Amino acid sequence: MNSKKKVVLSGMRPTGKLHLGHYHGVLRNWLKLQEEYDCFFFIADWHALTTEYATPEVIRESRREILADWLSVGLDPRKSTLFIQSSVKEHAELQLLLSMITPLGWLERVPSYKEMQQELSNKDLSTHGFLGYPVLQTADIVLYNAEIVPVGSDQVPHIELAREIVRRFNSLYKQQVLVEPQPLLTPAPKLLGPDRRKMSKSYDNCLFLSDSPKEIEKKVLSAITDPARQRKEDPGHPDICLIFDYHKLHSDRETIERVRRDCCAAAIGCVEDKKMMANILNNFLDPIRKKREELLKRPKDLEDIIQEGNRRAHEVAAQTMERVRSAMKL
């Protein structure tokens, strides 16, 4: 890793295989970041426990799947440190120490706290772990002296809270021990599932990176397109069509312009367009699927990659904890 580069940190909860929403919302951006920064990308299994504590087996099963997905889309362990959160115990130690100085009111005002409780009303989230997960998130970031954290606009309050905790720590112990992170707002294109709802495993409407060609075709052909277009001879409205959203992300400019023109002129039907999109998506996913299959046949290689990432992460985290303990006179 090049120590002269700024440090970026980001993580992903292991709650199942990754889908196209993850690719466009997170992974595509990570691929760019790894070329410019010293990146630490981690599998956030302890974070997953805040909502999945009753079914932890899904977390263990998902860790290898997620690593295979990351590598198959092009994340490079020679350029980025890829590791598992729970394998670096300093995350837990720093969370504990930071929790001692974090006012309860700061945690209760995090916008997503009540929002997620309402969204996941089928789960009991009135736990210490769920309330305190922003403190763990802060520990994740500052352990690696991360200056930049890529987030969507809804996550900015989390980074601001992390900055407040850092400022409080440095002020209390009269040393600039921890680095204040800055949010890097990243574009997250709207990608709905075939049912026009947010692409989510809980809705069972995902186009997974690992789906077979037949599965992709079946899902795309089932998609709800332009609700106002009842017959093929009716003019379409591309800007409210789910499949046209997919074109904007996966098709070249010439195809996008042609589809828009033909749809508005009723020169192309929805079924024909869906078949075209299924073919485009399968061409995009084919090299990812092949690489993923090859990786899963070599479990030792996957284990070696994650163990090396854990080692590198631990090395940096241990240095940070030495400074933290020294500042706190522990």
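Computed from a predicted structure; not experimentally measured.

## A word on the side chain of threonine 50
- Structurally, threonine 50 can be placed in helix α2 (residues 45-52).
- Look at threonine 50 and you get buried, because its relative accessible area is 9%.
- At 3.4 Å, the side chain of threonine 50 and the side chain of arginine 13 are in polar contact.
- In this view, threonine 50 contacts Arg13, Leu125, Gly129, Phe130 and Tyr133; residues no more than four positions away in its chain are not counted.

## Comments concerning the state of the cysteines
- Scanning the entire structure with this criterion turns up 0 disulfides.
- Free cysteine: cysteine 263, not disulfide-bonded; nearest cysteine sulfur from cysteine 264 at 5.7 Å.

## Here we look at the pairing of strand β1 (residues 7-12)
- Of all 6 residues in β1, 5 are buried; the element is thus mostly enclosed.
- Relative to strand β2 (residues 38-43), β1 runs parallel, the two being bridged by 6 bridges. In the sheet register, valine 7 faces β2, and the bridge partner there is aspartate 38.

## Details of the nonpolar core
- The biggest cluster of nonpolar side chains holds 51 residues, and the ones touching the most others in it are Leu27, Trp70, Leu209 and Tyr246.
- The element best represented in this core is helix α13 (residues 270-296), accounting for 8 residues.
- Residues within four places of leucine 27 in sequence aside, it is in contact with Met12, Leu18, His22, Trp70, Val73, Leu75 and Leu209.
- Among the nonpolar cores identified, the runner-up in size contains 38 residues, and Leu94, Val110, Val142 and Tyr144 belong to it.

## Points about unusual backbone geometry
- The backbone phi angle of lysine 174 is positive, close to 55°, even though this residue is not glycine.
- Assignment of secondary structure puts lysine 174 in the loop between α9 (156-172) and β5 (182-185).
- Phi is positive for aspartate 204, close to 55°, though the residue is something other than glycine.
- Along the chain, aspartate 204 falls in the loop between β5 and α10 (213-221).

## Things to note about the pairing of strand β4 (residues 148-151)
- Side chains of β4 alternate between two faces, with Ile148 and Pro150 and Val149 and Val151 buried alike.
- For β4 and β5, the ladder comprises 4 bridges, and the chain directions are parallel. Each residue of the ladder has a partner; that of isoleucine 148, found in β5, is glutamine 182.
- You can see the chain leave β4, run along α9 and come back into β5, and the turn it takes is right-handed.

## Some words on the pattern of salt bridges
- Within the structure shown, the criterion is met by 22 salt bridges.
- In this structure, glutamate 160 and arginine 163 form a salt bridge, with 3.5 Å as the shortest nitrogen-oxygen distance. Highlighted residues: glutamate 160 and arginine 163, both in helix α9, separated by 3 residues, approximately one helical turn.
- Classification of glutamate 160 by relative accessible area gives partly exposed; the value is 35%.
- Taking the shortest distance from any N to any O, the salt bridge between lysine 300 and aspartate 304 comes out at 3.0 Å. One end of the pair is lysine 300 and the other is aspartate 304, both in helix α14 (residues 299-327) and 4 residues apart, which spans about a single turn.
- Residue classification places lysine 300 among the exposed positions, given a relative accessible area of 57%.
- Classification of aspartate 304 by relative accessible area gives partly exposed; the value is 38%.

Conventions and cut-offs
Residues numbered from 1 in each chain as written. Predicted model: local features only at pLDDT ≥ 70, side-chain atom pairs only at ≥ 80, totals over all residues. Heavy atoms only, no water. Helix = DSSP H or I, 4+ residues; strand = E, 2+ residues; numbered from the N terminus. Buried < 20%, exposed > 50% of the residue type's maximum accessible area, 1.4 Å probe, protein only. Polar contact = N/O pair within 3.5 Å; in protein donor to acceptor, adjacent residues only side chain to side chain. Contact = heavy atoms within 4.5 Å. Disulfide = S-S within 2.5 Å. Pairing = 2+ DSSP bridges. Core = buried A, V, L, I, M, F, W, Y, C linked by side-chain atoms within 4.5 Å. Right-handed = clockwise from strand over helix to strand, strands pointing away. Salt bridge = Lys/Arg side-chain N within 4 Å of Asp/Glu carboxyl O.

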